[in-house]
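Examining the three-dimensional arrangement
Read off the chains here:
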Amino acid sequence: QTTFGVIDVFCLELPIFLREHFNGMYRTDVYFLAKVLAELPLYIFLPILAISINYFMIGFNPQVESFLKVMAVLVLINNFGVSMGYMLSCMSSSMSIALALGPAILMPSMLFSGMLLNAGSVPGYLIWLKYSSIFYYGNEALAVAQWKSIDTITCNRNNATCPRSGAVVLQALDYDPDHFARNIIAMAGCILIALSIAFLSLLAKTRRK
């Protein structure tokens, strides 16, 4: 949702940017950094506000450490969505093309994230799609933040399939409880890669001109 909310940022301003750029008003890197940094506080504040309101109402893990971890993950996921929107906007020549490219890029990433398909059941020849998906890293990080510290789960009835601890839940999802830091680094790397592609795409349009 965040991706499509910002997908028009550069598309709509491209004619004005090119005109002002070639008139010598500012460089491409200055324009791009100014746009990104001006909107960054908003895309940090909004996910923090949303999770602060909903987290304890939903009944997630009440430990402060788990809450802060979930907050950090959601901020990163939100900013990746923004970065993807910037990338699609800079790569495309029009908003209609950007809107068409968005689902084609995001849907495979979501499919192999662990939400729709168990992370351990991804075929070997498609494993690269799992590890190239920021949603996989985000899901694993969220699951670890919620379940790693849960030592005992009370089952209200005799059910052999009822997980007895958070470790059992993570094992069923095929998530590694020791991968939280790795996932945070991977998500930050995905954001930097998307922003780099966006900047290089914008720069390429000035070179062609």
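In short, a report on the structure. (Residues numbered from 1 in each chain as written. Predicted model: local features only at pLDDT ≥ 70, side-chain atom pairs only at ≥ 80, totals over all residues. Heavy atoms only, no water.)

1. Examining the packing of helix α7 (residues 134–147) against helix α8 (residues 166–173)
- Orientation of α7 relative to α8, taken along the N-to-C sense of each, is 165°, at an axis distance of 9 Å. On the basis of their axis angle, the class for α7 and α8 is roughly antiparallel. α7 and α8 meet at a crossing whose hand is right-handed. Of α8, the residues touching α7 (which contributes A143, V144 and W147) are G166, A167, V169, L170 and L173.
- Looking at side-chain class alone, the contact of α7 with α8 contains 7 nonpolar, 1 polar and no charged residues. (Axes fitted to C-alpha atoms, helices over the stretch in contact; angles between N-to-C directions. Helix = DSSP H or I, 4+ residues; strand = E, 2+ residues; numbered from the N terminus. Parallel < 35°, antiparallel > 145°, perpendicular 65-115°, else oblique. Left-handed = near helix turned anticlockwise from the far one by under 90°. Contact = heavy atoms within 4.5 Å. Nonpolar A, V, L, I, M, F, W, Y, C, P; charged D, E, K, R; others polar.)

2. Focus: the layout of surface pockets
- Its volume calculated, the second largest pocket comes out at about 240 Å³.
- Around the second largest pocket, the lining comprises 14 residues; the ones closest to its centre are F80, M84, I105, S109 and S132.
- At the level of secondary structure, the elements contributing two or more residues to the lining of the second largest pocket comprise α4 (64–91), α5 (95–111) and α9 (180–208).
- Looking at side-chain class alone, the lining of the second largest pocket contains 12 nonpolar, 2 polar and no charged residues. (1 Å grid on protein atoms, 1.4 Å probe; cavity = no way out; pocket = protein on both sides within 12 Å on 5 of 7 lines; lining within 4 Å. Points joined across faces, edges and corners; volume = space filled by probe spheres on them.)

3. A short note on the state of the cysteines
- A complete count under the given rule lists 0 disulfides for this structure.
- Free of any disulfide, C190 has its nearest neighbouring cysteine sulfur in C90, separated by 18 Å. (Disulfide = S-S within 2.5 Å.)

4. Quick word on the pattern of salt bridges
- Applying the stated rule across the entire model yields 5 salt bridges.
- With a shortest N-O distance of 3.1 Å, R27 and D29 are connected by a salt bridge.
- Exposure remark for D29: the relative accessible area of 26% places this residue in the partly exposed category.
- A salt bridge links R182 to E140, with the shortest nitrogen-to-oxygen separation between them at 2.8 Å. Taken together, the positions of R182 in helix α9 and E140 in helix α7 put the pair 42 residues apart, joining distant regions of the chain. (Salt bridge = Lys/Arg side-chain N within 4 Å of Asp/Glu carboxyl O. Buried < 20%, exposed > 50% of the residue type's maximum accessible area, 1.4 Å probe, protein only.)

5. So, helix α2 (residues 9–22)
- For α2, which comprises 14 residues, the first-to-last C-alpha distance of 20 Å matches the rise-based estimate of 20 Å (1.5 Å per residue) to within 8%.
- The largest bend along α2 reaches roughly 45° and is located at P15.
- Buried within α2 we find V9, F10, C11, L14, F17, L18 and H21.
- One or two steps after α2, the chain reaches G24, where phi turns positive at roughly 80°. (Expected span 1.5 Å × (residues − 1). Bend = angle between axes of the 7 residues up to and from the residue.)

6. Quick look at the side chain of Q146
- As for its position among the elements, Q146 is in helix α7.
- A distance of 2.8 Å separates a polar atom in the side chain of Q146 from a polar atom in the side chain of Y55.
- Q146 has contacts with Y55, F60, N61 and V70, leaving out every residue within four places of it along the chain. (Polar contact = N/O pair within 3.5 Å; in protein donor to acceptor, adjacent residues only side chain to side chain.)

Read these as geometric descriptors, not functional statements.
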